[in-house]
Amino acid sequence: NLGYSTGTDLGHAIDLELKVDDVTSMTAKAAFSTEQGNNQMSVDADIPGLPLRVLNGFTEGTIGFDGNLKGNLHFRGTMQAPQLNGELAFDNASVDVVMIGTRFGLDSKNITINNGRLTFNDYRFTAPNRTTLVANGTVTLTPFDRMGMNMTITGRNFEVMNVGKNETSLLY
């Protein structure tokens, strides 16, 4: 469902409800201005459970996603001076990297977003052999022209590939 209206504080408003299999997966409310010299925006998104499998249609079978994404996002300001805040978490989620035959589990810990910076605190990726990579640090998303990353990733005996030798294996 998509709704559009005018006459808000910023001029225009959009309400969005995304359903997957008749279940509400995300709602968003946005307001924006089209006045000359005023490019202010406001977006609030609530994600009660977005199935990651919807991404599979865009990966051409190279990567498979499973589980759900939950959380909320709040965007204020302009594209030149954005303020992005919120919290995201994966629920029973995994990523299957087909070419190396490995499925990695994703931690269910919250990833906070504060002023455009995602923070990972002991965030774990789990390999098929049940060992983990642990990520600590930040990913800076805004301002968009200065994205960056400051991460430490540690692990021991982490199984990266889980594919046997066969006629189509490039790596094994």
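Data block above holds the structure.
Given the structure is predicted, the values throughout are model-derived calculations rather than measurements.

Draft legend 1. Molecular detail of the overall build of the chain. Check the secondary structure of the chain and you find zero helices and eleven strands. The secondary structure elements of the chain, listed N-terminal to C-terminal, are β-β-β-β-β-β-β-β-β-β-β. Per-residue burial for the chain yields a buried fraction of 31% across its 172 residues. Contacts in the chain between residues far apart in sequence, at least 24 positions, make up 35% of those at least 6 positions apart. As presented, the chain carries roughly 11,000 Å² of accessible surface, and 53% of it is formed by carbon and sulfur atoms. If the 13 positive side-chain charges of the chain are averaged to one point and the 18 negative ones to another, these points end up 8 Å apart.

Draft legend 2. Spatial organisation of the nonpolar core. Leu-118, Phe-120 and Tyr-123 are the most contacted members of the largest nonpolar core, which totals 18 residues. For this core, the secondary structure elements donating two or more residues are strand 4 (41–51), strand 5 (63–77), strand 6 (82–97), strand 8 (111–114), strand 9 (117–126) and strand 10 (132–140). Discounting chain neighbours no more than four positions away, the residues touching Phe-120 are Ile-111, Ala-135, Asn-136, Gly-137, Val-139 and Met-151.

Draft legend 3. Unusual backbone geometry, seen in detail. In this chain, Thr-142 is followed by Pro-143 through a cis amide linkage whose omega measures 0°. Mapped onto the elements, Pro-143 comes out in the loop between strand 10 and strand 11 (148–155). Positive phi is not limited to glycine here, since Asp-22 has a value of about 65°. You can see Asp-22 is positioned in the loop between strand 2 (12–20) and strand 3 (23–32). Judged by its relative accessible area of 73%, Asp-22 is exposed. Positive phi, normally seen in glycine, also occurs at Asn-157, with a value near 60°. Structurally, Asn-157 is set in the segment after strand 11.

Draft legend 4. How the structure looks around the pattern of salt bridges. By the definition in use, this model includes six salt bridges. With a shortest N-O distance of 3.0 Å, Asp-44 and Arg-76 are connected by a salt bridge. Taken as a pair, Asp-44 in strand 4 and Arg-76 in strand 5 lie far apart in primary sequence, 32 residues in all. On the basis of relative accessible area, Arg-76 is assigned to the partly exposed category, the value being 33%.

Scoring rules and cut-offs
- Residue numbers run consecutively from 1 along every chain, following the written order of its sequence.
- Per-residue local features are limited, in this predicted model, to residues with pLDDT of at least 70; the limit for side-chain atom pairs, both in listing and counting, is 80 or more; totals at the level of whole chains, interfaces and linings are taken over all residues.
- Side-chain calculation: all heavy atoms of the structure are included, whereas hydrogens and water are not.
- A run of DSSP states H or I qualifies as a helix once it reaches four residues; a run of E qualifies as a strand once it reaches two. Both are numbered from the N-terminal end.
- The buried label applies to any residue whose accessible area, calculated with a 1.4 Å probe on protein chains only, is under 20% of its type's maximum; exposed applies above 50%, and partly exposed to all values in between.
- Between two residues, a contact is recorded if the distance between any of their heavy atoms is within 4.5 Å.
- Working definition of accessibility: Shrake-Rupley area with a 1.4 Å probe, residue cover restricted to the visible protein chains.
- Only four residue types enter the tally: Lys and Arg on the positive side, Asp and Glu on the negative side; His and the chain ends are excluded.
- Note on charges: their place is set at NZ of Lys, CZ of Arg, CG of Asp or CD of Glu.
- Buried Ala, Val, Leu, Ile, Met, Phe, Trp, Tyr and Cys residues that are joined via side-chain atoms within 4.5 Å together make up what is termed a nonpolar core.
- For salt bridges, the criterion is a side-chain nitrogen of Lys or Arg within 4 Å of an Asp or Glu carboxyl oxygen.

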